[in-house]
Amino acid sequence: TNPTSQSSRHLRRALLCSPLNARPSTSSARMAENVLGALADLQEESKPEPKEGTNEAVSSVIKVETPNATSVLFCGSADFAAAAKGASGKAQQKKDGANGEEFRAPVIIASLNDKKVRYLSVGPSAGHIVALTGEGTYAWGLNGNGQLGLGAKGGYVHPGPVRAKLWDVDGDTPIAVAAGNRHTLVLYASGTILSCGAGERAQLGLGHKGAALNDQNKPQKVPIEAKVACIAAGHDYSLCADEGGALYSWGWSEYGKLGTGTDGSYNTRDSSIKITYTATDISKIPMEGKIIQVSAGKHHAACLTDEGLGYTWGDNGYGKLGHRDQKQRNAPTRVQGARFSTLLCGDVSTAGLGWPEYQGRPFSKQSGDGLVWVWGVLKGSNGEGATHPVPNYDVQGWAIDKSNFALGGTHCALSGEGAGVAWAFSPVAFGQLGFGPNGVKSSHTANKMDVGEGLVARQVVASVGQTHLLVDSETAKGVETWEPPTEPLPAPATKPRGPPPKKKARS
């Protein structure tokens, strides 16, 4: 064992575990600064020679290795309409007197067992799922705007996987998917993007006025000339970066989430106080550095450079942009205090894997893809949060691969050390943490999922009310199997509006 490396790890752990709000004395602060500086110098000297970088996105293009037969595990609500709405969906279920089918412990989706699944995609505001398999693309969930890409015959909601043949492209292979609230992007090996679903806010990238804003139930080509390397889809907007590292955005401008330097707001008419926003065509965003990853939360976004520098912009409620305030940012702004291997945006929080840095110098990688960092809402029911990145000590020391790290609307899920782990930032009610029928439904503390020991996960993804794990089948033998329904479900009935109430006559 290298004694210098060992003492460095102990020192680093001691420094990281000190109280976050403690105010050390001047002498103590100076000593800590000197020690950190020396440690940063030592680690800087021990770094290997840099290698040629590769574009490897996490919210879109993840390097998912599946050398063995795979199974897809799922926990949470099978009621896609309710799950996509989060807390309000649960409230509506209670009002209707129907909870829908829920799984508080992960189950195996039986219909995908023989499909050789190699990639999964959901999103923090999505109500649908897409799987890339050895037999083509499969999709399921909400389809009210054609977001599954099934064509005119697609039903309102597909509760189980259905073969989506319209995503097949002769001579090209889909390599990544990004699921927005009501739209979908698929990236192909050629660098081409196809999109479908809701288009009224220009989130499909097909234009910003007229027929370009129509919904599309068949995949359409997004007109970007450059070869695209990574993609992301938010609530009503989209992001991508090309292989040269240039950043692009399109969709709805509210909250400044397109990163163009403005939120695109304007008055609906002269002398009106009503404000609206702009459906925006594809825009190239000026950036320093080469962008290798993009992530789109509900209304805030992030990107990552090949040097591990993280940038965030958009809605900054709860301080989820990580800039020590709650001011909206209309352009990408650097997140200080850490270098990242991945950044993920949810609804109320942001999370990443990475390492602390001292005066711009990052600590060298120890194991896995780094520490777990979170900011924004941390413990919503207790009113706790952070406006800058803070490490999560519940899983400190775990070797976590970025493909096994996921952020849903209000919960985080990951796999490592032979187990699945999850926790919630705000109370959750659909069983998506997977703690089992006898476990709690919601917890701010990271706990193991009810899947036994020895689990080998290849990918973890999360949405608002669901968590999915792509695992080696051999390691999930004790997990129960679930066969989802195959018939599409109709749209929920809407109550007809009655006549307006009659005005009372004045007495």
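Remember, predicted model here, so these are calculated numbers, not experimental data.

**Student:** Even after reading the chapter, I still don't get helix α4 (residues 87-96), so can you show me in this structure?
**Tutor:** An α-helical turn contains 3.6 residues, so a residue and the one three or four places further along point in the same direction. If you check which residues of α4 are buried, you get G89, K90 and Q93. The buried side chains of α4 occupy one side of the element, clustering within an arc of 100 degrees when seen end-on. Opposite the buried face of α4, at more than 90 degrees from it, the exposed residues are A87, K94 and K95. Taken together, the buried residues of α4 touch β1 (70-77), α3 (80-83) and β2 (102-109).

**Student:** Help me understand empty space enclosed by the protein, please; the structure alone is not making it clear to me.
**Tutor:** Where empty space is left becomes clear once a probe the size of a water molecule has been rolled over the atoms. Across all of its chains, the model carries 2 cavities of 30 Å³ or more by this definition. Estimated volume of the second largest cavity: approximately 40 Å³. A per-class count over the lining of the second largest cavity returns 7 nonpolar, 2 polar and no charged.

**Student:** Can you walk me through the packing of aromatic side chains in this structure?
**Tutor:** The way to describe two aromatic rings as a pair is by their centre distance and the angle between their planes. Considering all chains together, one arrives at 5 aromatic pairs under this definition. Between F103 and W482, the ring centres sit 5.0 Å apart and the planes meet at 55 degrees, which makes this aromatic pair tilted. Taken together, the residues span a long stretch of sequence, with F103 in strand β2 and W482 in strand β32 (residues 481-482) at a distance of 379 residues. Neither F103 nor W482 differs from the other in exposure class; each is buried. The aromatic ring of W252 is capped on one face by R201, whose charged end is 4.5 Å from the ring centroid.

**Student:** Can you walk me through the pattern of salt bridges in this structure?
**Tutor:** Charged atoms that come close allow side chains of opposite charge to pair. With the rule as written, the count across this model stands at 13 salt bridges. Taken together, the shared-partner salt bridges in this structure form one network comprising R201, D236 and K257.

**Student:** What exactly am I supposed to notice about the sheet that holds strand β28 (residues 419-424) here?
**Tutor:** Hydrogen bonds along the backbone pair up the strands of a sheet, which may run parallel or antiparallel. The strand order β26-β27-β28-β29 describes an open sheet built from 4 strands, whose pairing is antiparallel. What marks the edges here is a single partner per strand, and that holds for β26 (405-407) and β29 (447-448).

**Student:** Could you clarify how one ought to interpret the pairing of strand β22 (residues 349-358) in this entry?
**Tutor:** The side chains of a regular strand alternate, first on one face of the sheet and then on the other. Of all 10 residues making up β22, 10 are buried, and the element is well covered by its neighbours. Sheet topology places strand β21 (residues 338-345) next to β22; 7 bridges connect them, and they run antiparallel. By the bridge assignment for β22, R339 is matched with W355. Where β21 hands over to β22, the hairpin turn is made up of 3 residues, counted between the paired strands. Pairing of β22 with strand β24 (residues 371-379), which is carried by 6 bridges, proceeds in the antiparallel orientation. Bridging across to β24, G354 finds its partner in L371.

So, how was this worked out
Each chain carries its own residue numbering, running from 1 in the written order of its sequence. A pLDDT threshold of at least 70 governs which residues receive local features in this predicted model, and a stricter bar of 80 or more applies before side-chain atom pairs are shown or counted, although totals over entire chains, interfaces and linings include all residues. Calculated side-chain values reflect all of the structure's heavy atoms, with hydrogen atoms and water omitted. When accessible area is computed with a 1.4 Å probe and restricted to protein chains, residues below 20% of their type maximum are described as buried, those above 50% as exposed, and intermediate ones as partly exposed. For helices the rule is a DSSP run of H or I covering at least 4 residues; for strands it is a run of E covering at least 2, with both sets numbered from the N terminus onward. Throughout, the arc means that of the directions going from the helix axis to the C-beta atoms. Any two residues whose heavy atoms approach within 4.5 Å at even a single point are treated as in contact. Within this scheme a cavity is a closed region of a 1 Å grid, computed over the protein atoms alone, that accommodates a 1.4 Å probe without allowing it to escape, whereas a pocket is open but has protein on both sides within 12 Å along at least five of seven lines; lining residues each have an atom within 4 Å of a point. Grid points are joined across faces, edges and corners, and a volume is the space filled by probe spheres set on the points. Lys, Arg, Asp and Glu make up the charged group, whereas Ala, Val, Leu, Ile, Met, Phe, Trp, Tyr, Cys and Pro make up the nonpolar group; the residues left over, Gly among them, are polar. Two rings belonging to Phe, Tyr or Trp (six-membered ring only in the last case) form a pair when the distance between their centres is within 6.5 Å. Interplanar angles under 30 degrees mark stacking, angles over 60 mark edge-to-face geometry, and anything in between is tilted. When the NZ atom of lysine or the CZ atom of arginine is within 6 Å of a ring's centre and also within 35 degrees of its normal, the charge is said to sit over that ring. We define a salt bridge as a contact between a side-chain nitrogen of Lys or Arg and a carboxyl oxygen of Asp or Glu at a distance within 4 Å. DSSP-based pairing: two strands are paired if at least 2 bridges between them are found.

Any link to function would need more than the numbers given here.
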